[in-house]
Amino acid sequence: MITAELNGKPCPYAQNGQLPDLVPLDENEPAYSPDKGKPGDLCPPCAKQQLANLGHWQGHGQQTFPEELLPLRLFKCRMWLWLVVPGLHDAEPTKLITDNSITQ
C-alpha cells in the first residue's frame, strides 16, 4: 500500500522503487536494535521493529490475511507501515526462501 503522504511516489527508503535488500542484523552496527531481531536475522534496512509473524496479528482490528502469508515475518517500517517480506519466515529469520531455494 502506498500512503497518501507519498503523493504516488516510491517510499524514500526504497531502492529503485523496490524493497531494499535484506541485511543480516549485526549487533556491532550503530543502527542495531534488539527490536529488529536477533543478530544474524535478515531484516530490511528500513525496518524500525520486528512484530512477530503475520499470523500473530490475524484478527487484530478485524484484519484477515491469506493463510500462506501467516508464517511470514512482520516488520514496522520507518514510514510506520507494516512490511512483510515474501520468503522470510518468522521461524527461520536467517534464511530467505524463494522458489524452492534458500538464501542465507
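Q: What is the right way to look at the overall build of the protein in this model?
A: Broken down by element type, the protein carries zero helices and seven strands. Of the regular secondary structure in the protein, the N- to C-terminal order runs β-β-β-β-β-β-β. For the protein, the C-alpha radius of gyration of 14 Å lies close to 13 Å, the compact-globule estimate for 104 residues. Across its three principal directions, the C-alpha atoms of the protein cover 35 × 30 × 25 Å. Counting every position in the protein, which comprises 104 residues, the buried fraction comes to 29%.

Q: Help me understand the pairing of strand S5 (residues 82–89), please; the structure alone is not making it clear to me.
A: Across a regular strand the side chains alternate sides, sitting on one face of the sheet and then on the other. Here strand S4 (residues 72–77) runs beside S5; their pairing, made up of four bridges, is antiparallel. Bridge pairing in S5 links Phe75 to Leu83. Hairpin remark: S4 followed by S5, antiparallel, with four residues in the connecting loop; positive phi at Trp80, about 70°.

Q: Got a minute to help me understand the sheet that holds strand S3 (residues 47–53) in this structure?
A: Sheet strands pair via backbone hydrogen bonds, and the direction of the pair is either parallel or antiparallel. One open sheet holds the three strands; their spatial order is S3-S4-S5, and the pairing between them is antiparallel. Sheet topology places S3 and S5 at the edges, where each strand pairs with a single neighbour. Adjacent strand axes in the sheet meet at a mean angle of 30° when their direction is disregarded.

Q: Just to check I follow, could you spell out unusual backbone geometry for this structure?
A: Comment: phi is negative for the bulk of residues other than glycine, and the bulk of peptide bonds are trans. Residues other than glycine seldom take positive phi values, yet Asn7 does so here, at roughly 50°. With respect to the secondary-structure elements, Asn7 resides in the segment before strand S1 (23–24). At Trp80, a position not held by glycine, the phi torsion is positive, near 70°. Relative to the helices and strands, Trp80 is located in the loop between S4 and S5. Overall, Trp80 belongs to the exposed group, its relative accessible area being 54%.

Calculation rules
Residues numbered from 1 in each chain as written. Predicted model: local features only at pLDDT ≥ 70, side-chain atom pairs only at ≥ 80, totals over all residues. Heavy atoms only, no water. Helix = DSSP H or I, 4+ residues; strand = E, 2+ residues; numbered from the N terminus. Rg over C-alpha atoms; globule rule 2.2 N^0.38 Å. Buried < 20%, exposed > 50% of the residue type's maximum accessible area, 1.4 Å probe, protein only. Pairing = 2+ DSSP bridges. Axes fitted to C-alpha atoms, helices over the stretch in contact; angles between N-to-C directions.

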